[in-house]
Amino acid sequence: MDRWRDFPGARVTVVCLVGSGALVAAGTAGVAGSPWLVVALGGLAAGLWLLGRAATDTAWRTVDPHCFVADLWLGPVVAAVIAAAFLEASPGEVQAIGGLVGLAGMVNYFLRPVYYALYGLVARRSGQ
């Protein structure tokens, strides 16, 4: 097992950045928080899920499944959950919320060396 590639911290970063991109794009396009935004984000998640399934299919695998293509669909799911919590948000607020989701993803990205150090310390202490 490649402990650095399989560590879930990288996947959390990708999910947050994809969700952030979806919310920022919606806010930039002038879409306010509404049930329709939640439905649209759900549709985007479904499309990315199908793309991830196709990309990791062994019949014609041209993409390494470890490049997190299979996890892209979770970004719009996170964005839809957040949009559902803020149904009355203006387009600017939707965009700002997307920025905060992206900030959370980047904080996670910058803390990954700390996670890896702690993971390595625990693995070394436990004798693995």
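One can find the structure itself at the top, above this paragraph.
None of these values were measured; they are calculated from a predicted model. (Residues numbered from 1 in each chain as written. Predicted model: local features only at pLDDT ≥ 70, side-chain atom pairs only at ≥ 80, totals over all residues. Heavy atoms only, no water.)

Novice: Explain the packing of helix α1 (residues 8-28) against helix α4 (residues 91-126) to me, please; I cannot follow it from the model alone.
Specialist: The axes of two packed helices give the description: the angle between them and the distance between them. The N-to-C vectors of α1 and α4 enclose an angle of 160°; their axes lie 7 Å apart at closest approach. Here α4 runs roughly antiparallel to α1, going by the angle between their axes. As α1 runs across α4, the sense of the crossing is left-handed. Tallied by class, the residues present in the contact of α1 with α4 amount to 13 nonpolar, twelve polar and one charged. (Axes fitted to C-alpha atoms, helices over the stretch in contact; angles between N-to-C directions. Helix = DSSP H or I, 4+ residues; strand = E, 2+ residues; numbered from the N terminus. Parallel < 35°, antiparallel > 145°, perpendicular 65-115°, else oblique. Left-handed = near helix turned anticlockwise from the far one by under 90°. Nonpolar A, V, L, I, M, F, W, Y, C, P; charged D, E, K, R; others polar.)

Novice: For this particular structure, what's the right way to read empty space enclosed by the protein?
Specialist: Rolled over the atoms, a probe sized like a water molecule indicates the empty space that remains. The final tally for this structure, using the stated rule, is one cavity of 30 Å³ or more. Looking at the largest cavity, its volume works out to about 50 Å³. Every residue along the wall of the largest cavity is listed here: Leu23, Gly33, Leu37, Ile82, Ala83, Phe86, Ala89, Val94 and Ile97. Of all elements in the fold, only α3 (74-85) and α4 reach the threshold of two or more residues within the lining of the largest cavity. By residue class, the composition of the lining of the largest cavity is eight nonpolar, one polar and no charged. (1 Å grid on protein atoms, 1.4 Å probe; cavity = no way out; pocket = protein on both sides within 12 Å on 5 of 7 lines; lining within 4 Å. Points joined across faces, edges and corners; volume = space filled by probe spheres on them.)

Remember, this is a structural readout, not a statement about activity or role.
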